[in-house]
Amino acid sequence: MNTTPLTDAEQARLREICAAIPYVQLLGIELLEAERGAARLRLPVSEKLTRMQGIMHGGAIASLIDSASAFAVITLLEAGQTTVTVDLTLHYLRPVLRGAITAHARVLRAGRRIVIIAVDVTNDEGELTATALTTYTKTS
């Protein structure tokens, strides 16, 4: 796997990609940082993202995980390549009621076409709230 640091241009491109995804903007997901093969994204809890009893909806957490995974993979792609999710296995470990959650995605293995990513989601107290394993495929 390529371990060279991301250039300023690559960092700017990631921020542009994040800002250009309507769904990411709708949910309020923020790109915190990225490095080659890894990304950290944050999602604040809002009333619009909760279900009964004020618990953050699992779909919002899954969306954060999927987005963080995608950004970790994007840091490995060559110009013109894209990626899509093949599989997402997610385990919810504790409810999220307030604050924000942060997803830290890291590539475990990157083959010619298939990429495996592990993701840990923590709350503001640093407690693990969810964990996931995702598979992506490189397209084009």
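Conventions adopted
- Residues numbered from 1 in each chain as written.
- Predicted model: local features only at pLDDT ≥ 70, side-chain atom pairs only at ≥ 80, totals over all residues.
- Heavy atoms only, no water.
- Pairing = 2+ DSSP bridges.
- Helix = DSSP H or I, 4+ residues; strand = E, 2+ residues; numbered from the N terminus.
- Axes fitted to C-alpha atoms, helices over the stretch in contact; angles between N-to-C directions.
- Salt bridge = Lys/Arg side-chain N within 4 Å of Asp/Glu carboxyl O.
- Buried < 20%, exposed > 50% of the residue type's maximum accessible area, 1.4 Å probe, protein only.
- Contact = heavy atoms within 4.5 Å.
- Lys, Arg positive; Asp, Glu negative; His and termini not counted.
- Polar contact = N/O pair within 3.5 Å; in protein donor to acceptor, adjacent residues only side chain to side chain.
- 1 Å grid on protein atoms, 1.4 Å probe; cavity = no way out; pocket = protein on both sides within 12 Å on 5 of 7 lines; lining within 4 Å.
- Points joined across faces, edges and corners; volume = space filled by probe spheres on them.
- Nonpolar A, V, L, I, M, F, W, Y, C, P; charged D, E, K, R; others polar.

### Concerning the sheet that holds strand 4 (residues 100–110)
So, step 1. Spatially, the 6 strands line up as an open sheet ordered 1-2-4-5-6-3, and their pairing is antiparallel. Edge positions in the open sheet fall to strand 1 (30–35) and strand 3 (82–92), since each of these has one partner strand only. If you compare each strand with its neighbour and ignore which way they point, the axes differ by 20° on average.
So, step 2. One ladder, built from 5 bridges, connects strand 1 with strand 2 (residues 38–44); its direction is antiparallel. From the neighbouring strand, Glu35 faces strand 2, where its bridge partner is Ala38.

### Section: the pattern of salt bridges
So, step 1. Overall, the coordinates contain 4 salt bridges when judged by the stated rule.
So, step 2. With its nearest N and O atoms 2.6 Å apart, the salt bridge here joins Glu33 to Arg40.
So, step 3. Residue classification places Arg40 among the partly exposed positions, given a relative accessible area of 30%.

### Remarks on the environment of Arg106
So, step 1. Note on placement: Arg106 falls in strand 4.
So, step 2. Each C-alpha atom, one on Arg106 and one on Glu78, is 18 Å from the other, the two residues being 28 residues apart in sequence.
So, step 3. The residues contacting Arg106, other than those within four sequence positions of it, are Gly37, Ala38, Ile116, Ile117, Ala118 and Asp120.

### A closer look at the pairing of strand 6 (residues 128–139)
So, step 1. Note: strand 3 against strand 6, 10 bridges, orientation antiparallel. Looking at strand 6, one finds that Val84 is bridged to Thr137.
So, step 2. Bridge analysis of strand 5 (residues 114–123) against strand 6 gives 9 bridges, and the strand direction is antiparallel. Within strand 6, the residue paired with Ile116 across the bridge is Thr135.
So, step 3. Taking the residues that link successive antiparallel strands as the turn, the strand 5-strand 6 hairpin has 4 residues, and the phi of Gly126 there is positive, at about 85°.

### Concerning unusual backbone geometry
So, step 1. Its identity is not glycine, yet Gln53 carries a phi of approximately 65°, on the positive side.
So, step 2. Structurally, Gln53 can be placed in the loop between strand 2 and helix 3 (58–74).

### Comments concerning the side chain of Lys138
So, step 1. Looking at the element boundaries, Lys138 is found in strand 6.
So, step 2. Despite its burial, Lys138 pairs with no opposite charge; the closest candidate is Glu78, at 6.6 Å N-O.
So, step 3. Separated by 3.1 Å, the side chain of Lys138 and the backbone oxygen of Gly111 make a polar contact.
So, step 4. Once you skip the residues sitting within four places of it in the chain, Lys138 turns out to touch Leu77, Gln81, Thr82, Thr83, Gly111, Arg112, Arg113 and Val115.

### Concerning the layout of surface pockets
So, step 1. Taken as a whole, the largest pocket encloses approximately 150 Å³ of empty space.
So, step 2. Considering the residues around the largest pocket, the lining is formed by Ile21, Tyr23, Val24, Ser63, Asp66, Ser67, Ala70, Phe71, Thr83, Val84, Thr85 and Tyr136.
So, step 3. Within the residue set of the lining of the largest pocket, elements represented by two or more residues are helix 2 (22–27), helix 3 and strand 3.
So, step 4. With 5 residues, helix 3 is the largest single contributor of residues to the lining of the largest pocket.
So, step 5. Tallied by class, the residues present in the lining of the largest pocket amount to 7 nonpolar, 4 polar and 1 charged.

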